[in-house]
Amino acid sequence: MKSLKLVLIPALLLLVISGCGQKADSPVGLKDADALKAYFEWSPDRTPLVSAHRGGPVPGYPENALKTFQYSVDAGAAIIECDIRYSKDGVLVLMHDRSLNRTSTGEGLVSDYTLEELKRIELIDMNGTPTGDEIPTLKETLEWARDKAVLHLDIKDGIEPSHVVQEIRQANAQGFSVVIVYSFEKMMQYYHLDPDLMMSVTARSPEEIQRLKEFDISMKNLKIFVGVSEPDLSVYEELHNLKRYCILGTMHNLDNRALKHGVMVYQELYRNGADILSTDNVELVVEAIRSM
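Here goes a summary of the coordinates provided. (Residues numbered from 1 in each chain as written. Predicted model: local features only at pLDDT ≥ 70, side-chain atom pairs only at ≥ 80, totals over all residues. Heavy atoms only, no water.)

1. Brief notes about the overall build of the protein chain
Within the protein chain, the secondary structure is distributed over 12 helices and 11 strands. In terms of principal-axis extent, the alpha carbons of the protein chain reach across some 50 × 50 × 35 Å. Across the 292 residues of the protein chain, 55% fall into the buried class. Across the protein chain, contacts joining residues at least 24 apart in sequence account for 60% of those joining residues at least 6 apart. Accessible surface, the protein chain as shown: approximately 12,900 Å² in total, 50% of it carbon and sulfur. With 31 positive and 43 negative side-chain charges, the protein chain shows a separation of 2 Å between the mean positions of the two kinds. (Helix = DSSP H or I, 4+ residues; strand = E, 2+ residues; numbered from the N terminus. Buried < 20%, exposed > 50% of the residue type's maximum accessible area, 1.4 Å probe, protein only. Contact = heavy atoms within 4.5 Å. Areas by Shrake-Rupley, 256 points an atom, 1.4 Å probe, with all protein chains shown as cover. Lys, Arg positive; Asp, Glu negative; His and termini not counted. Charge placed at Lys NZ, Arg CZ, Asp CG, Glu CD.)

Here you go:
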């Protein structure tokens, strides 16, 4: 049964309208920014989607590793969320923490190591076991993601937005790259660098939605992160009226509740209005969708 789930669930989950108006069974075929925007234009018959937080690490599969991303996609995730930092020599690499200590065999700050030095360091899983995986660059990640998944790029402090936009453009990855921004001001900075770029921005209340609407940016450029706890249901209603997909972060508290009480926790979140769950429990969320 496990192999059946891994093969069939992605096709069941990812029926969406492509930029050409044709049905697509996965993110395969999202060739440009217009196709990506069409993929994420909300409608009442939208398909619930799964985002793998930090790539979806499980024992044997470390966070922010290409092998882990593939495991999560095979399990049914349409979206891979990953974290971007600078190496000492200014290369964009994948790492959540400033320090290497928690997730690798290295020690000290990521920014104290050149790319060549970082490539000699081994990633470790959540149990502290070395996995043989190396730290990927953003360039390698964009190459991996083509025709496999949509990337949500969590850009850490100190990263120059123009460098991120340049990498996405050079990889011709506008059709499957979404930049996570943490302020409306940063949103507009990216927008002015590339008006076609799709972004994920936070709006957790009617007041924040109203402020967002005051900026000179098309809503088609945006997916909305509504927080790590459920917002008032009126937030979902207003955002859906704007045809925006709503992302709810279930990592930590909500994921723990689902582990205790079962898939009905996730099912209720989807029914209440969440369109994408960003989770540490990819396989359990996929199971919840399958049994809805």
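2. Some words on the nonpolar core
Formed by 64 residues in total, the largest nonpolar core has its most connected members in V179, M187, Y190, M199 and L222. When near neighbours in sequence (up to four residues on either side) are disregarded, L222 contacts M187, M198, M199, V201, L212, I217 and R244. (Core = buried A, V, L, I, M, F, W, Y, C linked by side-chain atoms within 4.5 Å.)

3. Overview of unusual backbone geometry
One non-glycine residue, N64, adopts positive backbone phi at about 55 degrees. Position of N64 among the secondary structure elements: in the loop between β3 (49-52) and α3 (66-75). When its relative accessible area of 2% is taken as the criterion, N64 is described as buried. Of note, the phi angle at K243 is positive, near 65 degrees, even though the residue is not glycine. Residue placement: K243 occurs in the loop between α9 (233-241) and β10 (246-249). Judged by relative accessible area, which is 42%, K243 ranks as partly exposed.

4. Some words on the pairing of strand β7 (residues 177-180)
Because side chains alternate across β7, one face comprises the buried residues S177 and V179, and the other comprises V178 and I180, equally buried. In this structure, strand β6 (residues 150-155) lies alongside β7, joined through four bridges in parallel fashion. For L151, the partnering residue across the bridge sits in β7 and is S177. Note that the unit made of β6, helix α6 (residues 161-170) and β7 has a crossover that is right-handed. Bridge count for β7 against strand β8 (residues 198-202) is three bridges, and the pairing is parallel. Its bridge partner being in β8, V178 is matched across the sheet by M198. (Pairing = 2+ DSSP bridges. Right-handed = clockwise from strand over helix to strand, strands pointing away.)

5. Concerning helix α5 (residues 138-145)
Listed as buried for α5 are L138, T141, L142, W144 and A145. For α5, the angular spread of buried residues about the axis comes to 160 degrees, placing them on one side. Next to the buried residues of α5 lie α3, β4 (79-86), β5 (92-94), β6, α6 and β7. Positive backbone phi, approximately 65 degrees, marks D147, located one or two places after α5. (Arc of directions from axis to C-beta.)

6. A short note on the packing of α3 against helix α12 (residues 282-290)
Remark: α3 packs on α12, axes separated minimally by 9 Å, with the N-to-C direction vectors making an angle of 15 degrees. Considering their axes alone, α3 and α12 lie roughly parallel with respect to each other. You can see that α3 and α12 cross each other, and the crossing is right-handed. From α3, Y71, S72 and A75 reach across to α12, where they touch V282, E283 and V286. (Axes fitted to C-alpha atoms, helices over the stretch in contact; angles between N-to-C directions. Parallel < 35°, antiparallel > 145°, perpendicular 65-115°, else oblique. Left-handed = near helix turned anticlockwise from the far one by under 90°.)

7. With respect to the environment of L142
On the secondary structure map, L142 appears in helix α5. With residues up to four places along the chain from it excluded, the contact list for L142 reads L151, E167, I168, A171, A173, F176 and S177.

8. Observations concerning the environment of P206
Tracing the backbone shows P206 in helix α8 (residues 206-213). Along the backbone, P206 and T250 are 44 residues apart, and their C-alpha atoms lie at a distance of 21 Å. With residues near it in sequence (within four places) discarded, P206 still touches S234, V235 and E238.

9. Quick word on the pattern of salt bridges
On inspection of all chains with the given rule, the structure shows 17 salt bridges. Among the ionic pairs, R120 bridges to E116, the shortest N-O distance being 3.7 Å. You can call R120 exposed: its relative accessible area is 61%. What makes E116 exposed here is its relative accessible area of 58%. Overlapping salt bridges, with partners in common, bring together R54, E63, D97 and R102 in one network. (Salt bridge = Lys/Arg side-chain N within 4 Å of Asp/Glu carboxyl O.)

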